[in-house]
Amino acid sequence: MILNLNEMDREESASILSLQKEVLGAEQVNYLLDYGFIPGTEILVLQKIPSHDKLIVKLGRSTIAIRLSDAKYIQVNK
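Worth saying up front: this structure is predicted, and the values here are computed from it rather than measured. (Residues numbered from 1 in each chain as written. Predicted model: local features only at pLDDT ≥ 70, side-chain atom pairs only at ≥ 80, totals over all residues. Heavy atoms only, no water.)

Engineer: Please explain the pattern of salt bridges as it appears in this structure.
Structural biologist: When their charged atoms lie close together, side chains carrying opposite charge are able to pair. In this structure the tally under the stated criterion is two salt bridges. A salt bridge links Lys-78 to Glu-12, with the nearest nitrogen and oxygen atoms 2.4 Å apart. One end of the pair, Lys-78, is in the segment after strand 6 (74–77); the other, Glu-12, is in the loop between strand 1 (2–4) and strand 2 (13–19), and 66 residues separate them in sequence. By relative accessible area, which is 46% here, Lys-78 ends up partly exposed. Since its relative accessible area comes to 19%, Glu-12 is described here as buried. A salt bridge links Asp-70 to Arg-67; its shortest N-O distance comes to 2.9 Å. (Salt bridge = Lys/Arg side-chain N within 4 Å of Asp/Glu carboxyl O. Helix = DSSP H or I, 4+ residues; strand = E, 2+ residues; numbered from the N terminus. Buried < 20%, exposed > 50% of the residue type's maximum accessible area, 1.4 Å probe, protein only.)

Laid out in structure tokens, this is it:
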């Protein structure tokens, strides 16, 4: 099932499919790629905090916070 990262719930995992480069812009895409948001990478949602616009995810051995407003432009395959 293909969905956007912000649609996932806590403890759900998926594989990153793509970053919507035309919406995020080159600088934000490069930032996300540097932090491991690479197509094919497994991602696990640890925590979702809508009141702070944050999504805490695990990529490999790294734990990363990303804005929910940016997560909606990352497509994943669950």
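Engineer: Before we go on, may I ask you to explain unusual backbone geometry in this structure?
Structural biologist: Outside of glycine, negative phi angles account for most residues, and trans bonds account for most peptide bonds. Phi is positive for Glu-11, which is not a glycine, with a value near 70°. For Glu-11, the location among the structural elements is in the loop between strand 1 and strand 2. With a phi angle near 55°, Asp-53 is a residue other than glycine that sits in the positive phi range. In this structure, Asp-53 sits in the loop between strand 3 (42–49) and strand 4 (54–59). Since its relative accessible area comes to 27%, Asp-53 is described here as partly exposed.

Engineer: Sorry if this is basic, but what is going on with the sheet that holds strand 1 here?
Structural biologist: Pairing between sheet strands relies on hydrogen bonds along the backbone, with the strands arranged either parallel or antiparallel. Read across the sheet, six strands follow the order 1-6-2-3-4-5 without closing on themselves; strand pairing throughout is antiparallel. The strands lining the two open edges of the sheet, one partner per strand, are strand 1 and strand 5 (62–67). Sheet twist, expressed as the mean angle between neighbouring strand axes with direction ignored, is 45°. (Pairing = 2+ DSSP bridges. Axes fitted to C-alpha atoms, helices over the stretch in contact; angles between N-to-C directions.)

Engineer: What am I meant to see in the side chain of Gln-28 here?
Structural biologist: Among the secondary structure elements, Gln-28 is positioned in helix 2 (residues 26–34). Not counting the four nearest positions on each side in its chain, Gln-28 is found in contact with Arg-67 and Asp-70. (Contact = heavy atoms within 4.5 Å.)

Engineer: When you look at the environment of Tyr-73 in this model, what are you seeing that I'm missing?
Structural biologist: Relative to the elements of secondary structure, Tyr-73 occurs in the loop between helix 3 (68–71) and strand 6. Note on Tyr-73: relative accessible area 22%, which makes it partly exposed. The sequence separation of Tyr-73 and Gly-40 amounts to 33 residues, and the corresponding C-alpha distance is 16 Å. Not counting residues within four places of it along the chain, the set of residues in contact with Tyr-73 comprises Ser-18, Leu-19, Gln-20, Val-23 and Leu-24.

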